[in-house]
Amino acid sequence: MQLTISGLTMGSIYALVAMGLYIAHLTTHRVNFGQGDYMMVAGFLVLGLGRLGLHAILSVLVSICMLGLMGYFLERVAIRPLDRFKRISVGAYGWILTTAGLALIAQNSVELVWGKSAQYSPPLFSSKRDQMVTIFGARFLLEELIVIIVAMTVVACFLWLIKKSRWGKAIQVVAFNPETAELLGINTKSVKIFAFVVASVLAGVAGVLIGPIVTLQPHMGLVFTIKALIVATVGGFSNPVGILIGGFLFGICEAYSNYFDSQFGDLYPLLIALGMVALRPSGIFSERSDDVR
Amino acid sequence: MNMLKRYLTFAACSMVISSASFAQVKVGVIQGLSGPPAIVDFGESYLQGIRLALKDHEASGAKVKIELQVYDDEANPQRAVALAQRLIQSDKVPVAIGTVSSGNVLAMAPVFQKANIPLVAGPSIATQITAQFIGEKPSFIFRCSMVEKFQIDGMLDWGVKKFKRIGLIHSTTGYGNFAAKEIQDGIKTRGSSLALVEAAAPGVNDLTPQMVKMRDAGVELILNFHESFELVYRPMAKVNYRPVVAGNWGLSSMKVMEIVGREAIEGTVMGQALDMSQPRSKTFDERMRKEFGGAYRWPVLAALGYDAGQIVFKAVERVGKADPIAIRNAIESMDSLQAVSATPAKPFSPSDHECLDKEHVFLGVWKGGAVVKLMD
Amino acid sequence: MFARDALSGTRAPWLVYSAGFLACLLLPYAGFSGFVVHQLQTFCYTAIAVIGLNLLLGFSGQMSLGHAGFFAIGAYGSAITSLKLNWPIYLSIPFGTALSFFAGALVGVFALRTRGLYLAMTTLAFGFIVDIAAQRWVDLTGGTMGLMLIPQVGGSSMSSASFNYLALCLVCLLLVQMAADFISETASGRSLRALRESEIFAASVGLNVPIWRAATFAFGSACAGLAGSLFAHQSGFIGSDAFTVRLSVAMLIAAVIGGLGTRSGPLLGTAILLVIVETIAGQEKFGLIIYGLILLFVLLIFPEGAAGAIGRLSSKFASGAKSIVYNVTKLGLPFNQFNGLQLEVKGLVKKYHGVTAVDSVSFKVKAGSIHGLIGPNGAGKSTVINVIAGVYTHDGGSVILGDHDLGFKGTAQRASLGLARTFQNLQLIQAITVAENVMLGFKPRWSLARTFFDWLSLKGCERADFEDALSVLQFLGVDDTAKKLPSEISFGHRKLVELARAIAQQPVVLLLDEPIAGLNTAEAKKIAEVVRQLKSLGVTILLVEHNMEFVMSLCDEVSVLHYGRLIATGTPAEIQANAEVIAAYLGSKGSTDD
């Protein structure tokens, strides 16, 4: 049972990060290759602010706002300028390298402030470390349970945002066809900025949540980026709920395959994901087919 | 008369010239300074020790000005080899120190040996680093660090005596697999066997599955040979299981204690070469803290780096110039070292290029927030 | 960009490469220090891998974030066979290369259904899997401790051994660069660029897209494999830490900084990358920040990379670059007769999710005649064209070319049978000139070997194709646009170029999808004239148009579609008098464009 909870916890983190990738890609066909590194920055920010004496809630809020700002910065510096270069080969993929460049800078900045070692982040939701709860006779780590609940709440809010709110509808139009959106009077520039800000905020939430659960280190970003990309690809189906489920499944698969075969455990989720991709290549990244008419 | 004058002027000039050649000697340092904490903690701590040693060396009125040329090998063996060549051919160093990954050291050591440039290896711990070259006459490869075999031997001797059910968690890197094999062989020769062996990827975040299995197998002592040393501790509360943990000297980093907490790490045993209950160690600890503040986190690593630095700087001082062969000889014949770690006053001999021999390595234990020698 | 490449010149290639070959044999023995030799060796094999990546990404537009995986396969292939099986180096290196080639072909086939970022993800996962396998499969690869004492190239002393090895690396680099240049400057390069911009277009000129994509993957990976093999024998030691995703990213950076899709890009990019790495070597505090800033700087300010920037600079100075003057000696089209076939559509059905776009349509286009297909918007005309062209698969009925049922053949196969088409939304390849667009229509003239030797000696195998393209353009009256890029000419001229390309395919049946949409009267008249001339040369033509005057004046027979069904077929006069047709259009006969 512990395994399932651990798996769900990590899975919700992956899902949150993946959701950020999803919304960015939906709107602009580009993602932040440093999404995992952004998450890492959020974790360190909460840690650092907490050490400076700030109350937990305040440090969380400040960190998430910072991440939002970073999202704006990302769109402005690493994504938008490349739209000028649509004709040239690099225009199509340049964002991988610009966002990766920003990720490197973020990582080095964190190293300069907090050093290169691993750090311990105190729990957010429990009063002392390793606080347990007993539910139906089984013991669970309180922190992990709350992470799962928070993640699901955030996803629910996100869903409402996409489907019901005005911004969400604008995003869907821009996703379908930016030119049409312009004609309909939607400010596509703002929508794109909004998408990246939301994506970074999601990474921020993930970072805030993950700090107490795993040890923070500046090097951890890339692995999360890649796992989130995989989750978004497989569980996408153009549906945020699909990503959440995909994230949970990935996390559980990871936990159990490590239990059964610790030697190669981390390979199995990768291979399974690849297999699903081979069977159903219609992930969220399926390019619009050419309209020949 | 003229002849004498000429001779005297010549002698005077050459003295001036040769004292001018007491100018500068570069010492090369290759360390792992970027990448995962498992590497960086080693590299940075060792380098801190070297830097403090240099400071002390200069303060003691050295004639030779020593400059450190530090390179980061990014835990990549090819990088290490390229940097070794750069040190030898571009920077023209007569002696070098490094690095963290044993793979890197094994890759670049032949370069130093062939070029007749002495290398003090550290903090890498693979047993064969010096053994591979000791047959060469002369061998240019020394090591100032823990030797894996010694700490495993010590740990197994103690573990087999005290515990019936012993488990092993190791990482699937070359080092992890290698250590696992040594442990399994060692346990067998001691007439016992491991209750459970679990492996995990190096970059993994969570060892809950492995700990669950350990608990279910009733393991009392876990041998922890995974680079993310703290991961074994984190699930303990969750799965309600608190075995004794022993492992290599990675467990003596203060970072690990910070992350898992004093109570959790109390009683953990590891290979050691620095006994914090000794006054000399305490002094060193305070000085490191003063010099490096919060960045200082690993006493034994820094201590060995300090001793390695001392050895090299003293040797250079004795030789007085950038003469690699002379420096090598000076290192080998050094006999008045005042080491912080358990390194003896005469660390080396033509047949022994290890700072720490078997008798110098002991088991340490976390007690009250510091690592002291484990008493039987 | 092809037109603005830094290295393009008019010296015969064989001269340049011979000089290069000589340099390869002399340079290593000039007495450099061991460190410089080591760096030069690193430069050589890294550049080889980057050339492969450039081919993949810059030319065929397939992103590979797992290039390090193929590098690793080559390295281990060569290391293990030479170390454990005692193969000589001159056998193990080709083996490593071949191993990567096949791995690349496999991945290429696997990735055929993926595009863009999705392909990037798949290759990234592949790279990861290879990395993890190398790390865990300790029995085979030695894991992170790796393999030692891998045999190296020998020599009388240690330094002469490394000189010899440098010579080997240089020669390999030269050969790979030669192959890359050959591909870049001839038909293959054009085809790859077409593939990158529009796969539908590529298929319509007869390129078998899956094979081209997989083959490019295989070749790009083979380059990485060769690089890996050379890497394995450089220091006699490899460990799995060398093959992480960071290596893939580094190679990508080198390719982009150098300039994607250019000839000299990989060389420049690799050189710049190695300089950057060495410069930040001692900078363990700020190394990553510097790296990140350089990435941003280069991508935002010099997106075309070093080669592109140099190309632009040099074209500013050398505006009067001497180019070979082509004399158009032939008048009219390079082909005399087209053997037009009859095209028959029988009971054709095409459904989309419950909507029947084409409902049992049948008509015959007689050989050598012009047949018009008209109908109100949404009637299904373009769908019919696309089904005939093979872009969509039909759900019922058949398309018969001559007496040959086309069945479910793909676009490329139909094109090679002589079915050419134009596109409603113009699929010209922006990265190449007008003449090169037309040349894409030609079938390969000579065998690969002959083309290669011709290219080496600059006898101009391309020249013949170019001149033919020029004649076709002249036939359409737009030969003065030959050396321009499609973006630089007017819309009307672009439509003519599209038509020229279709003609270049020497079609037996020509499908024209709204050939005069967006043109003014004069331009439309020109197209009509051309179509008439084509008919007189024997081409069978099926065209879709809205402009009644155009259709009625030009066509021998007209078919009318309405809501996917054929409501009338006949001569223009008959159609114009047909009551049902008039009712369907709700308009009068002979109305000109809207």
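Residue positions are given per chain, counted from 1 along the sequence in the order it is written. To read the labels, note that chains go from A and ligands from 1, taken in the order they are written. Owing to the predicted nature of the model, reporting of local features is limited to residues with pLDDT of at least 70; listing and counting of side-chain atom pairs is limited to 80 or more, with chain, interface and lining totals taken over all residues.

*Asks:* Got a minute to help me understand the overall build of chain C in this structure?
*Replies:* Helix and strand counts for chain C stand at 24 helices and 10 strands. For the C-alpha atoms alone, the extent of chain C along its principal axes is close to 95 × 55 × 45 Å. Counting every position in chain C, which comprises 594 residues, the buried fraction comes to 55%. Residue pairs qualify as contacts under a 7 Å threshold applied to their C-beta atoms, which are placed from the backbone. Counting contacts in chain C only where the partners sit at least 6 residues apart, residues at least 24 apart contribute 77% of the total. Helical segments are the DSSP runs of H or I of at least four residues, strand segments are the runs of E of at least two, and each set is numbered from the N terminus. To assign burial, the other C-beta atoms lying within 10 Å of each residue's own C-beta are counted, with C-beta atoms placed from the backbone; 20 or more indicates buried, 12 or fewer indicates exposed, and intermediate counts indicate partly exposed.

*Asks:* Is there a simple way to explain the overall build of chain B in this structure?
*Replies:* Helix and strand counts for chain B come out as 14 helices and 12 strands. It is over C-alpha atoms that the radius of gyration is taken, and the globule rule equals 2.2 Å times the number of residues to the power 0.38. Taken over C-alpha atoms, the radius of gyration comes to 22 Å for chain B, in line with the 21 Å a tight globule of 376 residues would show. Oriented by its inertia axes, the alpha-carbon framework of chain B measures out at about 95 × 40 × 35 Å. Taken over 376 residues, chain B has a buried fraction of 57%. Long-range contacts, defined here as pairs at least 24 residues apart, represent 67% of the contacts in chain B between residues at least 6 apart.

*Asks:* Whenever I open this one, the interface of chain A and chain C confuses me. Can you help?
*Replies:* Often, the extent of an interface is quoted as the loss of accessible area on bringing the components together. On the side of chain C, 44 residues touch chain A, which itself brings 39 residues to the contact. Listing elements by their share of the side of chain A that touches chain C, those giving two or more residues are helix H4 (89-114), helix H9 (221-235) and helix H11 (267-279) of chain A. A total of 15 residues in the side of chain A that touches chain C trace back to one element, the largest contributor, which is H4(A). Of the residues contributing to the side of chain A that touches chain C, the split by class is 24 nonpolar, 11 polar and 4 charged. Nonpolar residues are Ala, Val, Leu, Ile, Met, Phe, Trp, Tyr, Cys and Pro. Charged residues are Asp, Glu, Lys and Arg, and all others, Gly as well, are polar.

*Asks:* Can you help me understand the confidence of the model for chain C in this one?
*Replies:* Interpretation of the predicted coordinates at a detailed level should be avoided for regions scoring low in pLDDT. Residue and element names in this part refer to chain C. What pLDDT expresses is the predictor's confidence in each residue, scored from 0 to 100. Overall, the predicted model of chain C reaches an average pLDDT of 83, with 92% of residues at or above 70. In this model, residues 1-8 is a region of pLDDT below 50 whose contacts with residues beyond four sequence positions or in other chains number 23 contacts. Note that pLDDT drops below 50 for residues 588-594; the model gives that stretch 9 contacts with residues more than four away or on any other chain. Predicted as a complex, the structure gets a pTM of 0.85 and an ipTM equal to 0.83.

*Asks:* Teacher, can you tell me more about the sheet that holds strand E3 (residues 370-374) of chain C here?
*Replies:* Backbone-to-backbone hydrogen bonds pair the strands of a sheet. The strands run either parallel or antiparallel. All names here are of chain C. We call two strands paired when DSSP finds no fewer than two bridges between them. As summarised here, the arrangement of the 6 strands in space is E6-E7-E8-E3-E9-E10, forming an open sheet in which the pairing is mixed. The sheet is open, and its two borders are formed by strand E6 (419-421) and strand E10 (565-570), each paired with just one other strand. Each adjacent strand pair in this sheet contributes to an overall mean axis angle of 20°, direction not counted. In the sheet, strand E9 (residues 557-562) pairs with E10 via 5 bridges, with the strands oriented antiparallel. Bridge pairing links Val560 to Ala568 in E10. Simply put, an axis is a line fit to the C-alpha atoms, just over the touching stretch for a helix, and the angle between two N-to-C directions goes from 0 to 180 degrees.

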